[in-house]
Amino acid sequence: MQETAGNAVLPFYILCDESGSMDANGGIDAVNRGLPELHATIAGDPLVSDKCRIGLITFSDIAEELLPLSNLSDVQAMPGCAAKGMTNYGEAFNLLRVVISRDIANMKSQGMQVYRPAVFFITDGEPTDDWEANHRALTDKNSNPQAPHIIAFGVAGANAAVIGKIGTKAAFIANQGVDPGNALKEILKSLTNTIVNSSSSSSPTLIVQQAPPGTTAVPLDTM
Amino acid sequence: MQKSFHSGTNKAIFGLALPILFVAFFSLSGCTPVGQDVDDQRQGASTSSPEIITTDAPKPDAMQEAKPESQEEAKPESQEEAKPESQEGTQPDSQEEAKPESQEENVKGAWIPVVQVFLTLVFILILVWLLYDFWKKKPAKLAPVDRPGNPRGKDHLGGFSPKSKPPRPGGVPKVDGLKAGSKSPVIKQEPEVSQPPTVRAKVERPVLSTVSEGTTTEVRLPNTQTADDPLVPSTPGAIEPVLDKAIVEVEEKQIVQVQERLNIKPPQIGEPSSFAKHDWWDKDREWCQVSPHGMSSDVVCDIGTFGAVAIAAASLRGHKHKVSGEPCQDAFSLRATQSMAGQKYVVAVLCDGMSSAKHSEYGARRTSQLLAWSLAAMVEDQEEITEQRVKSTLPEIFEYCKQNLMPQKRNQFGASGILPKAVVESDFFTTVTFMIVPASSGEGENFEVIVGSIGDSAVFVLDNSTSLWKEVAAADSSSEILNPATSAFPATFDARISTIFVKKSDLVIATSDGVGNYINVRGNQTSLGTYLARQWGKPVNLPTFINDVGFDLKSADDDRTVVAIWLSRS
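Remember, predicted model here, so these are calculated numbers, not experimental data.

Draft legend 1. Fine view of the overall build of chain B. When its secondary structure is counted, chain B shows 15 helices and 13 strands. Out of the 570 residues in chain B, the part that is buried amounts to 31%. Expressed as a percentage of contacts within chain B between residues at least 6 apart in sequence, the contacts between residues at least 24 apart total 73%.

Draft legend 2. Geometry of the sheet that holds strand β3 (residues 330-338) of chain B. All names here are of chain B. Within the open sheet, the five strands sit side by side as β3-β4-β5-β6-β9. Their pairing is antiparallel. Two strands bound the open sheet, and with one partner strand each, they are β3 and β9 (496-503). Direction aside, neighbouring strands of the sheet carry axes that sit 15° apart on average. As paired strands, β3 and strand β4 (residues 344-353) are joined by nine bridges and run antiparallel to one another. Bridging across to β4, Arg-335 finds its partner in Val-347. Relative to the sheet, helix α11 (residues 360-380) contacts β3, β4 and β5 (430-438), its axis offset from that of β4 by approximately 160°.

Draft legend 3. Representation of the interface of chain B and chain A within the structure. Counting from both sides, the interface comprises 27 residues of chain B and, opposite them, 26 residues of chain A. Broken down by secondary-structure element, the contributors of at least two residues to the side of chain B that touches chain A are α10 (319-324) and α14 (527-535) of chain B. Examining the composition of the side of chain B that touches chain A, we find that three residues originate from one element, α10 of chain B, more than from any other. Of the residues in the side of chain B that touches chain A, the class split is 11 nonpolar, nine polar and seven charged.

Draft legend 4. Inspection of the pairing of strand β10 (residues 507-511) of chain B at higher detail. Residue and element names in this part refer to chain B. Most of β10 is tucked away: five of the five residues are buried. Where burial is concerned, the two faces of β10 agree: the one with Leu-507, Ile-509 and Thr-511 and the one with Val-508 and Ala-510 are both buried. Here strand β7 (residues 458-463) runs beside β10; their pairing, made up of five bridges, is antiparallel. Each residue of the ladder has a partner; that of Ala-458, found in β10, is Thr-511. Pairing geometry for β10 and strand β13 (residues 560-566), over five bridges, is antiparallel. Bridge pairing in β13 places Ala-510 opposite Val-563.

Draft legend 5. Structural detail: unusual backbone geometry. All names here are of chain B. Cis peptide bonds are those with omega within 30 degrees of zero, and the linkage from Phe-489 to Pro-490 qualifies with 5°. Assignment of secondary structure puts Pro-490 in the loop between β8 (468-473) and β9. In this structure, Met-295 is a non-glycine residue whose phi angle is positive, near 50°. Its place among the elements puts Met-295 in the loop between α9 (244-260) and β1 (299-306). Among the residues examined, Met-295 registers 15 C-beta atoms within 10 Å and is labelled partly exposed. Positive phi, close to 80°, is recorded for Ser-555, a residue that is not glycine. As for its position among the elements, Ser-555 is in the loop between α15 (542-549) and β13.

Draft legend 6. Summary view of helix α12 (residues 387-403) of chain B. Residues and elements named next belong to chain B. With 17 residues, α12 should cover 24 Å at 1.5 Å per step; its first-to-last C-alpha distance of 24 Å lies within 8% of that length. Along α12, the helix axis deviates most sharply at Leu-394, where the bend reaches about 40°; the proline Pro-395 sits within four residues downstream. Taken together, the buried positions of α12 are occupied by Val-390, Ile-397, Phe-398 and Cys-401. Looking at the packing, one finds that the buried side of α12 touches α11, β6 (446-454) and β9.

Draft legend 7. Focus on helix α4 (residues 89-109) of chain A. All names here are of chain A. Its 21 residues give α4 an end-to-end C-alpha distance of 30 Å, which sits within 8% of 30 Å, the value for a rise of 1.5 Å per residue. Looking only at α4, the buried set comprises Tyr-89, Glu-91, Ala-92, Phe-93, Leu-95, Leu-96, Ile-100, Asp-103 and Ile-104. Looking one or two residues past α4, Gly-111 carries a phi angle of roughly 85°, positive in sign.

Draft legend 8. Structural detail: the pairing of strand β3 (residues 63-70) of chain A. All names here are of chain A. Sheet topology note: the strand β2 (residues 52-59)/β3 ladder contains five bridges and is antiparallel. The residue of β3 that forms the bridge with Thr-58 is Glu-64. In textbook terms, the turn of a hairpin is the stretch between consecutive antiparallel strands, and for β2 and β3 this stretch comprises three residues.

Rules of the game
- Residues numbered from 1 in each chain as written.
- Chains lettered and ligands numbered in written order.
- Predicted model: local features only at pLDDT ≥ 70, side-chain atom pairs only at ≥ 80, totals over all residues.
- Helix = DSSP H or I, 4+ residues; strand = E, 2+ residues; numbered from the N terminus.
- Buried ≥ 20, exposed ≤ 12 C-beta atoms within 10 Å, placed from the backbone.
- Contact = placed C-beta atoms within 7 Å.
- Pairing = 2+ DSSP bridges.
- Axes fitted to C-alpha atoms, helices over the stretch in contact; angles between N-to-C directions.
- Nonpolar A, V, L, I, M, F, W, Y, C, P; charged D, E, K, R; others polar.
- Expected span 1.5 Å × (residues − 1).
- Bend = angle between axes of the 7 residues up to and from the residue.

This is the structure in structure tokens:
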């Protein structure tokens with residue numbers, strides 16, 4: 001059945017690093033354990049599941065759209081991540097811009113009211129490509145009216161300065177000595193809470209949680 | 001033979017003659033009936049002739065010896081042989097020979113009155129029986145059994161044999177061939193025999209009484225009776241036998257309805273929401289909880305007319321607050337007032353409490369009441385209501401509302417659970433939207449409605465000629481991405497005031513964002529907008545209005561309030 005004209009939708013995208021380093025530090029396992037929990041939490045909350053849509057994009061050498069923007073109550077199981085390759089941020093930002101444009105157009109064609117998308121960026125290392133141009137194309141509201149809010153998380157070898165540049169709404173870096181797997185576990189919990197709280201408000205608003213345990217907020221870079 | 005046998009006249013004659021003959025026979029002959037006991041005879045004789053018994057009384061032995069003779073041997077003599085002798089005047093030679101004769105004569109004399117009494121009683125009994133029989137069978141004896149034209153199959157009593165046709169209900173079965181004006185008593189009896197309604201009513205009465213009780217209960221079921229349903233008597237005593245069948249049918253139909261349970265559902269706009277897929281009382285879900293502070297206000301509504309306009313308003317608690325067990329944070333208030341020039345106005349105020357405010361449900365309700373009262377007072381003090389006049393007066397009105405908004409003591413103005421010393425102004429933040437609508441009947445086709453708002457609650461006008469909604473006062477929704485930010489009273493008095501021009505056939509509504517956000521999207525009317533335009537082209541009754549406001553639309557989980565004012569009641 002086609003979506004109802006007038007539905008209000010708050011889109012969320014999870015941009016997750018699945019480079020080879022994520023396997024060694026246990027990051028992939030943490031993500032693959034956290035995603036089903038996120039699925040269960042959101043799908044079981046009618047206020048959230050009716051209002052938010054979740055998409056999953058992973059990146060390594062290339063970027064892939066593992067889960068198109070979906071109502072999680074309609075999703076049987078979340079796809080899993082598999083570690084491989086390098087850490088190309090640019091590929092992810094480029095794909096994300098295309099996907100957001102496509103999704104908003106699709107939702108509007110169905111008469112939905114679309115709130116500004118929110119993106120959770122998760123990585124465990126520094127970028128291996130030239131990513132800034134693609135990032136700018138994505139986040140510049142002048143050139144891209146559909147520019148999303150980005151909340152960036154970095155663990156293990158992630159660079160705090162880079163994370164601060166990527167995030168447009170908030171940025172968090174794991175503390176020294178914190179196990180990447182445990183940090184990612186807490187990040188996914190925070191991510192879930194952000195989705196739930198933002199979607200539950202009468203007028204969906206992105207409500208960013210405080211720094212997850214084991215992480216520290218990074219000042220955003222004002223470009 | 002039957003005719004003569006059953007003739008009462010002949011039987012009476014026969015019955016009268018018989019005892020007369022008996023009486024005459026026994027009186028004249030003086031015979032003792034066969035088998036009469038000697039002792040009885042003696043006793044009867046002693047009562048009738050005591051002297052004879054005393055003089056001629058035999059000894060006991062002699063009596064015992066003479067007993068057989070007197071009964072068996074002397075009896076023939078007295079009847080056949082001794083009788084001639086006595087008539088001839090001969091006397092008996094000895095006592096022993098004469099004794100039986102004298103005793104026999106005495107016995108005869110004593111038996112006569114006894115037999116007469118007996119026969120008299122028998123006669124009376126027979127006479128009574130004959131009279132009774134004559135009275136009882138009086139009609140039968142007049143039955144024209146063999147009259148010409150007597151219908152085939154009809155018996156001698158005027159009834160109907162099993163082979164005859166059944167009598168027509170409700171009427172006397174006319175006898176074929178019976179002359180008009182015939183006054184046969186048999187015919188008069190027929191209606192008593194052929195009254196099926198009486199018999200049927202007695203048979204079905206228990207069903208009637210049951211039905212009447214059952215239907216009385218069924219009729220009270222909410223919303224189970226449609227315009228096509230037959231009327232069901234609500235008073236058991238009012239049921240008449242002729243309605244038995246129809247009432248039974250009604251009962252059966254309503255039992256079916258009870259089994260199916262007519263549960264009104266709100267209009268479904270597109271894909272069902274998660275809430276529409278489950279009952280609110282589902283034991284596995286806590287999706288509809290009562291507010292612990294009371295006044296959940298799941299439905300608050302008003303309808304009515306004033307002057308030329310019709311008004312319907314309703315606030316419904318949204319799913320969001322049902323899940324969290326919070327009260328509805330929307331509120332409205334209506335006032336009917338009149339200017340100094342005698343012009344009628346309806347003042348409507350709608351407030352949508354901010355989710356971030358701790359006591360927004362109170363803030364919205366209290367603000368709507370204060371503002372409606374203040375605006376109505378302003379109208380009453382003016383000759384003419386203009387946008388400029390409202391703009392100049394509104395700051396003072398807002399200030400008054402702000403000063404009187406917060407409760408000064410516990411439970412004041414229904415402020416349940418609010419401690420006056422523990423609250424701040426932001427705990428009562430709310431949006432404000434008001435309309436001042438002319439309500440006087442007039443010749444004009446166009447009217448000026450003054451609207452004002454703080455926040456994102458919208459005002460729409462429905463053009464009935466196009467069935468399209470036009471948003472006239474609200475937060476801007478034409479931008480690419482929705483902006484949920486909104487201002488609130490009493491943080492600001494900066495209200496947008498404007499005058500809108502409407503036609504007499506238009507409908508003006510103020511809505512909270514729980515409804516207004518889903519009527520038009522980027523200037524395009526949604527499915528909900530089209531539905532409401534079709535429904536509310538003219539005033540609707542209150543249940544319909546509430547049900548419409550309770551539409552199901554995915555993601556529309558906020559509280560909903562609509563104040564609708566139809567500018568014409570025709």
